[in-house]
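Residue strings, one per chain:
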Amino acid sequence: MKNRASSGAGPSQRQLRVGELVRHALADVLARGDLADPALTGMLITVPEVRMSPDLKIATCFVMPLGGKDAKAAVAALATNARPLRGEIARRVELKYVPELRFRVDTSFEEGARIDALLRSPDVARDLDAEEPDAEEPDAGTPDHSKDDEA
């Protein structure tokens, strides 16, 4: 029998729940400025997602600085401060094992913008217009009852 992690079924409820707990705690620490690192002071960082490993020992944190400027520098500063951040998360979230934090730049906004641009392209609009049936012609098999309502 295959285990859940190797079947590609997606994250478990526990992974999702713990990921959200870690995300909220991390966002709270970053918003309050509880770290005394000059590289992070004055930098507003959002944490859109945290993905947990199946054993809940590794948390991959997707982060993006406000405005998207200096994303790599923000990730490097967070990676430098991973140990104190882990300690702050341990104080805020009750877990058996506090996960190791790994930071990645969140590219979901750029991916969404790319897909949106593709959907708005003239080629896709042309294909969508060709597939839509003419809405003005009533179906010949169904009677038109709109005239009955007028009487």
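Note that the coordinates shown come from a computational prediction; the quantities given were computed from them, not determined experimentally.

Criteria and cut-off values
Sequence order as written defines the numbering, with residues in each chain counted from 1. pLDDT decides what is reported in this predicted model: residues at 70 or higher carry local features, side-chain atom pairs at 80 or more are listed and counted, and totals for whole chains, interfaces and linings draw on all residues regardless. Computation of side-chain values: all heavy atoms of the structure, hydrogens and water removed. Counting from the N terminus, the helices are the DSSP runs of H or I reaching at least four residues and the strands are the DSSP runs of E reaching at least two. Only protein chains enter the calculation, and the probe is 1.4 Å; a residue is then buried if its accessible area is under 20% of its type maximum, exposed if over 50%, and partly exposed in between. Methods summary: accessible areas were calculated by the Shrake-Rupley approach with a probe of 1.4 Å, and residue burial reflects only the protein chains presented. At least two DSSP bridges between two strands are required for those strands to pair. Between N-to-C directions, angles span 0 to 180 degrees; the directions come from axes that are lines fitted to C-alpha atoms, helices contributing only their stretch in contact. Read the arc as the range of directions from the helix axis to the C-beta atoms. The contact rule is simple, with two residues in contact once any of their heavy atoms fall within 4.5 Å. Here, the term nonpolar core denotes a set of buried Ala, Val, Leu, Ile, Met, Phe, Trp, Tyr and Cys residues that are joined through side-chain atoms within 4.5 Å. It is the rotation of the near helix from the far one that decides the hand of a crossing: anticlockwise by less than a right angle makes it left-handed, clockwise makes it right-handed. Amino acids outside the nonpolar list (Ala, Val, Leu, Ile, Met, Phe, Trp, Tyr, Cys, Pro) and the charged list (Asp, Glu, Lys, Arg) are all regarded as polar, and Gly is one of them. Each residue carries a pLDDT score, the predictor's confidence in it, ranging from 0 to 100. Any helix carries an expected span of 1.5 Å times its number of residues minus one.

Comments concerning the overall build of the chain
Right, so step 1: In terms of helices and strands, the chain carries seven helices and three strands.
Right, so step 2: In the chain, the order of α-helices and β-strands from amino to carboxyl end is α-α-β-β-α-α-β-α-α-α.
Right, so step 3: Taken over 151 residues, the chain has a buried fraction of 28%.
Right, so step 4: For the chain, the accessible surface area stands at approximately 11100 Å², while carbon and sulfur atoms represent 52% of it.

Regarding the sheet that holds strand β3 (residues 100-105)
Right, so step 1: An order of β1-β2-β3 is seen for the three strands of this open sheet, with the pairing classed as mixed. Every other strand in the sheet has two partners, leaving β1 (45-52) and β3 as the edge strands with one partner each. The sheet shows a mean angle of 30° between the axes of neighbouring strands, taken without regard to direction.

Some thoughts on helix α3 (residues 71-80)
Right, so step 1: Taken together, the buried positions of α3 are occupied by Ala71, Ala74, Val75, Ala77 and Leu78. The arc that holds every buried residue of α3, seen down its axis, measures 160°, which confines them to one face. Facing away from the buried side of α3, by more than 90 degrees, are the exposed residues Lys72 and Thr80.
Right, so step 2: Of the surrounding secondary structure, the elements contacted by the buried residues of α3 are α2 (13-32), β1, β2 (58-65), α4 (82-92) and β3.

Quick look at the nonpolar core
Right, so step 1: Judged by nonpolar contacts, the single largest core of 26 residues is most densely connected at Val22, Leu26, Leu78, Leu85, Leu101 and Phe103.
Right, so step 2: Every element with two or more residues in this core is listed here: α2, β1, β2, α3, α4 and β3.
Right, so step 3: It is α2 that provides the largest number of residues to this core, a total of six residues.
Right, so step 4: Contact partners of Val22, with chain neighbours within four places excluded, come to Val50, Met52, Ala59, Ile89, Leu95, Pro99 and Leu101.

Focus: the packing of α2 against α4
Right, so step 1: For the pair α2 and α4, interaxial distance at closest approach is 9 Å and the crossing angle is 115°. Crossing angle aside, the handedness with which α2 passes α4 is right-handed. On α4, the residues touching Val22, Ala25, Leu26, Asp28, Val29, Leu30 and Arg32 of α2 are Leu85, Glu88, Ile89 and Arg92.
Right, so step 2: Classifying every residue of the contact of α2 with α4 gives seven nonpolar, no polar and four charged.

Some remarks on the confidence of the model for the chain
Right, so step 1: The predicted model of the chain averages 81 in pLDDT, with 80% of residues at 70 or higher.
Right, so step 2: Per-element averaging of pLDDT across the chain places helix α7 (residues 146-150) at the bottom with 53 and β3 at the top with 93.

Details of α2
What sets the pattern is the α-helix's 3.6 residues per turn: residues three or four places apart point alike.
Right, so step 1: Taking 1.5 Å as the rise per residue, α2 with 20 residues should run 28 Å; its terminal C-alpha atoms sit 29 Å apart, in good agreement.
Right, so step 2: Among the residues of α2, those classed as buried are Gln15, Val18, Gly19, Val22, Arg23, Ala25, Leu26, Val29 and Leu30.
Right, so step 3: In this structure, the buried residues of α2 make contact with β1, β2, α3, α4 and β3.

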